[in-house]
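Per-entry structural report
Each chain, letter by letter, is given below.
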Amino acid sequence: QVQLEESGGGLVQAGASLRLSCAASGRTFSGYLMAWFRQAPGKEREFVAAITWNGGRTDYANLVKGRFTISRDNAKNTVNLQMNNLKPEDTAVYYCAADTRRPYHTGTVYSQNTYDAWGQGTQVTVSS
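Let me begin by describing the structure that accompanies this report.

So, about the overall build of the protein. Of the regular secondary structure elements, the protein holds zero helices and eleven strands. Ordered by position in the sequence, the α and β elements of the protein form the string β-β-β-β-β-β-β-β-β-β-β. On C-alpha atoms alone, the protein measures out to a radius of gyration of 14 Å, which is about the 14 Å that the 2.2 N^0.38 rule sets for 128 residues. With respect to the three principal axes, the spread of C-alpha positions in the protein is 40 × 25 × 25 Å. By residue count, 45% of the 128 residues in the protein fall in the buried class. Of the contacts made within the protein by residues no fewer than 6 positions apart, 59% connect residues no fewer than 24 positions apart. Element-wise, carbon and sulfur atoms account for 45% of the exposed surface of the protein, whose accessible area totals about 6,400 Å². Separation of charge centres in the protein, based on 13 positive and 10 negative side chains, amounts to 4 Å.

Written out as structure tokens, the structure reads:
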């Protein structure tokens, strides 16, 4: 079973940057589709970004495209989310997710049902 742990959240002002990291322990995650989701207060969890097992393809939600960048380091079992030009509407708990059931396969990246391993989340708060 893969365990995921997010870090890097915090309180920042609008326009600032943050870099979130997700560390995977247990079985290697080098073959897994990885993603970031977020959930704002009172809202459903939503897709943010995803990256295939070799980093060859990345996908982004329209709301973050051009501001956020997802990357991974398979040697270190980590996936990162660089967030630039943050806006108050980016305030949410950010979750790391992995599809461990289908190595080297790219499912429907924006669907929560694709992923079977989740971290506990890290809070990102952006003040105006």
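After that view, the rundown keeps rolling.
Tallied over the entire structure, the rule returns one disulfide. Each disulfide pairs two cysteine sulfurs, and for Cys-22 the partner residue is Cys-96, the sulfurs being separated by 2.1 Å. Between Cys-22 and Cys-96, the S-S torsion sits near -80°, and that sign places the bridge as left-handed. Placement of Cys-22 in strand 3 (residues 18-25) and of Cys-96 in strand 9 (residues 92-99) is noted, with a sequence separation of 74 residues between them. Grouping residues by exposure puts Cys-22 and Cys-96 together as buried.

Before going further, it helps to spend a moment on unusual backbone geometry. Residue Asn-85 is not a glycine yet carries a positive backbone phi of 50°. Locating Asn-85 in the fold gives a position in the loop between strand 8 (78-83) and strand 9. With a phi close to 65°, Tyr-104 is a non-glycine residue in the positive phi region. Residue position: Tyr-104 is located in the loop between strand 9 and strand 10 (117-118).

Okay, the sheet that holds strand 8 next. Here four strands make up an open sheet; going across it, the order is 1-3-8-7 and the pairing antiparallel. Where the open sheet ends on each side, the last strands, each with one partner, are strand 1 (3-7) and strand 7 (68-73). When strand polarity is set aside, the average angle formed by the axes of neighbouring strands in this sheet is 15°. Direction of pairing for strand 3 relative to strand 8: antiparallel, over a ladder of six bridges.

Here the focus is the layout of surface pockets. Rolling a probe over the atoms, with the probe sized like a water molecule, indicates the empty space that remains. Its boundaries defined by the atoms lining it, the largest pocket holds a volume of some 190 Å³. Around the largest pocket, the lining residues are Arg-38, Ala-40, Lys-43, Glu-44, Glu-46, Leu-63, Arg-67, Lys-87, Pro-88, Glu-89, Asp-90 and Thr-91.

Moving on: the nonpolar core. Judged by nonpolar contacts, the single largest core of 39 residues is most densely connected at Leu-4, Met-34, Trp-36, Val-79, Leu-81, Met-83 and Tyr-94. Secondary structure elements with two or more residues in this core: strand 3, strand 4 (33-39), strand 5 (46-51), strand 7, strand 8, strand 9 and strand 11 (122-127). Setting aside its immediate chain neighbours within four residues, Tyr-94 contacts Glu-6, Leu-20, Trp-36, Phe-37, Arg-38, Val-48, Phe-68, Leu-81, Met-83, Gly-121, Thr-122 and Val-124.

About the criteria used
Counting of residues starts from 1 at the beginning of each chain's written sequence and follows it residue by residue. Local features in a predicted model are, by the rule used here, given only for residues with pLDDT of at least 70; side-chain atom pairs are given and counted only at 80 or more, and totals for whole chains, interfaces and linings are based on all residues. No hydrogens and no water enter the side-chain calculation; it runs on all heavy atoms of the structure. Here a helix means four or more residues in a row that DSSP labels H or I, a strand means two or more in a row labelled E, and each is numbered from the N terminus. Radius of gyration means the value over C-alpha atoms here, while the globule rule gives 2.2 Å times the residue count to the 0.38 power. Residue burial is assigned from relative accessible area. The probe radius is 1.4 Å, only protein chains are included, and a residue is buried under 20% of its type maximum, exposed over 50%, and partly exposed in between. Two residues form a contact once any of their heavy atoms are found within 4.5 Å. Note on areas: Shrake-Rupley, 1.4 Å probe, and residue coverage restricted to the protein chains presented here. Asp and Glu are treated as the negative residues and Lys and Arg as the positive ones, with His and the ends of the chain left uncounted. By convention, charge coordinates are those of NZ in Lys, CZ in Arg, CG in Asp, or CD in Glu. Here, the term disulfide refers to a pair of cysteine sulfur atoms separated by no more than 2.5 Å. A pair of strands is considered paired only if DSSP assigns at least 2 bridges between the two. Think of each axis as a best-fit line through the C-alpha atoms, taken over the contacting stretch in the case of a helix, with angles from 0 to 180 degrees between the N-to-C directions. Note on definitions: the grid is 1 Å and covers protein atoms alone; a cavity is a set of points where a 1.4 Å probe fits but cannot get out; a pocket is an open set with protein on both sides within 12 Å along at least five of seven lines; lining residues have an atom within 4 Å of a point. Grid points are joined across faces, edges and corners, and a volume is the space filled by probe spheres set on the points. Among the buried residues, those of types Ala, Val, Leu, Ile, Met, Phe, Trp, Tyr and Cys that are joined through side-chain atoms within 4.5 Å form a nonpolar core.

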